[in-house]
Amino acid sequence: MTDWIAQADRVRLIAFLVAIVVFALWEVRLPRRDVSDRQRRWIGNFGLFLSGAMVVRLLMPVLPVAFAVWCQTNSVGLFNAVSFSGWIAIPLAVIALDLAIYWQHRWMHAIPALWRLHRVHHADTEFDVTTAIRFHPLEIALSLSYKMVVIAALGAAPLAVVIFEIILNVSAMFNHANIALSPAVDRRLRRLLVTPDFHRVHHSADQRETDMNYGFCLTIWDYLFSSYKSQPETSHQSMIIGLEDFREPGEHRLRALLSQPFRRAPRDEGSTIR
């Protein structure tokens, strides 16, 4: 089983690396918007990603796939207590995990202490594939802890967790990518999946738009829970990305990114779940 876990982690890492390279190249070839200050932003965003990876290794004794194996071995959680066929339990667990991430995202906006961490992601003044990895290390650790609780409650099968982790990584890279899709393709895709135009609205500097479109993979949750906004008030090309605070070029440096949650800003009170 240890070999299986290691192999699953390798598959997830390969999928992550392939996705970030593919979407980065796609951005160069067919960009949706002009992106400025790419070098400074990318250095800061990748630095934050590496910092998060180190913090997780230090703080988390076990990662989601290994934890799912433990839950299965010890019959922990709903799917381990109730007899479900694998072909039903696995897709149900993946969908339930996506729903859990949707609500986690809404709570990150609604609870002031969590918003202080999450605003590091939203403070990016541009929107491209590296925005998908721009999360404060403490938010990453909290997100993993939350995911462990959901895995335990569901009793999600290890294979379901592997599939979900890959989907989550690839879809986050896709829906943050600065890539141009035709309106017809975007319209069809967003019936089911979060597209870059769908998610870009969420990164608007206008808080009324920031507090919409929380989905990471499936769009159904935004439709179902009334958090869907089709388009920004302005065009995608002219809309302002990011937050009103932390817009100076120096805020893209790693030291500034790590300290942002501990510096006050006007919106520290968070937002309201609608």
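Computed from a predicted structure; not experimentally measured.

Quick notes on the pattern of salt bridges
Right, on to step 1. Within this structure, the stated rule accounts for twelve salt bridges.
Right, on to step 2. Measuring nitrogen to oxygen at the nearest pair gives 2.7 Å for the salt bridge that ties D124 to R41. With D124 in the loop between helix 6 (112–122) and helix 7 (137–154) and R41 in helix 2 (residues 38–59), the pair connects residues that are 83 residues apart, well separated along the chain.
Right, on to step 3. The shortest N-O distance in the salt bridge between D206 and R208 comes to 2.7 Å.
Right, on to step 4. Within this structure, R41, D124, D128 and R134 form a network of salt bridges that share partners.

Considering the packing of helix 3 (residues 64–73) against helix 8 (residues 158–176)
Helix-helix packing: each pair is described by the crossing angle between the helix axes and the interaxial distance.
Right, on to step 1. The interhelical angle for the contact between helix 3 and helix 8, taken along N-to-C directions, is 160°, at an axis separation of 8 Å. With respect to helix 8, the axis of helix 3 lies roughly antiparallel. Classified by chirality, the crossing of helix 8 by helix 3 is right-handed. In this structure, helix 3 contributes P64, V65, A68, V69 and Q72 to the contact, and helix 8 contributes P158, V161, V162 and E165.

Some remarks on the confidence of the model for the protein chain
Right, on to step 1. Here the protein chain averages 93 in pLDDT, and 96% of its residues register 70 or above.
Right, on to step 2. Every residue in residues 270–274 scores below 50 in pLDDT, and together they form 18 contacts with partners more than four places removed in sequence or on other chains.

Some thoughts on the packing of aromatic side chains
Right, on to step 1. Tallied over the entire structure, the rule returns 14 aromatic pairs.
Right, on to step 2. A ring pair is formed by F23 and F174, whose centres lie 5.8 Å apart and whose planes are at 45°; its orientation type is tilted. Of the two residues, F23 is situated in helix 1 (residues 2–29) and F174 in helix 8; the sequence distance between them amounts to 151 residues. Taken individually, F23 and F174 each receive the classification buried, so the pair is uniform in this respect.

Section: a nonpolar patch on the surface
Right, on to step 1. Residues L78, V82, F84, W87, I88 and L92 make up a contiguous nonpolar surface patch of about 570 Å² in total accessible area.
Right, on to step 2. Looking at which element gives the most residues to the nonpolar patch, the answer is helix 5 (residues 86–110), with three residues.

Points about the side chain of S171
Right, on to step 1. Mapped onto the fold, S171 is located in helix 8.
Right, on to step 2. On the basis of relative accessible area, S171 is assigned to the buried category, the value being 12%.
Right, on to step 3. In this structure the side chain of S171 is engaged in a polar contact, spanning 3.2 Å, whose partner is the backbone oxygen of L168.
Right, on to step 4. Discounting chain neighbours no more than four positions away, the residues touching S171 are F216 and C217.

Rules and cut-offs
- Residues numbered from 1 in each chain as written.
- Predicted model: local features only at pLDDT ≥ 70, side-chain atom pairs only at ≥ 80, totals over all residues.
- Heavy atoms only, no water.
- Salt bridge = Lys/Arg side-chain N within 4 Å of Asp/Glu carboxyl O.
- Helix = DSSP H or I, 4+ residues; strand = E, 2+ residues; numbered from the N terminus.
- Axes fitted to C-alpha atoms, helices over the stretch in contact; angles between N-to-C directions.
- Parallel < 35°, antiparallel > 145°, perpendicular 65-115°, else oblique.
- Left-handed = near helix turned anticlockwise from the far one by under 90°.
- Contact = heavy atoms within 4.5 Å.
- pLDDT = per-residue confidence, 0-100.
- Phe/Tyr/Trp six-rings, centres within 6.5 Å; stacked < 30°, edge-to-face > 60°.
- Buried < 20%, exposed > 50% of the residue type's maximum accessible area, 1.4 Å probe, protein only.
- Patch = residues over 30% accessible without salt bridge, like charges linked within 9 Å, V, L, I, M, F, W, Y side chains within 5 Å.
- Areas by Shrake-Rupley, 256 points an atom, 1.4 Å probe, with all protein chains shown as cover.
- Polar contact = N/O pair within 3.5 Å; in protein donor to acceptor, adjacent residues only side chain to side chain.

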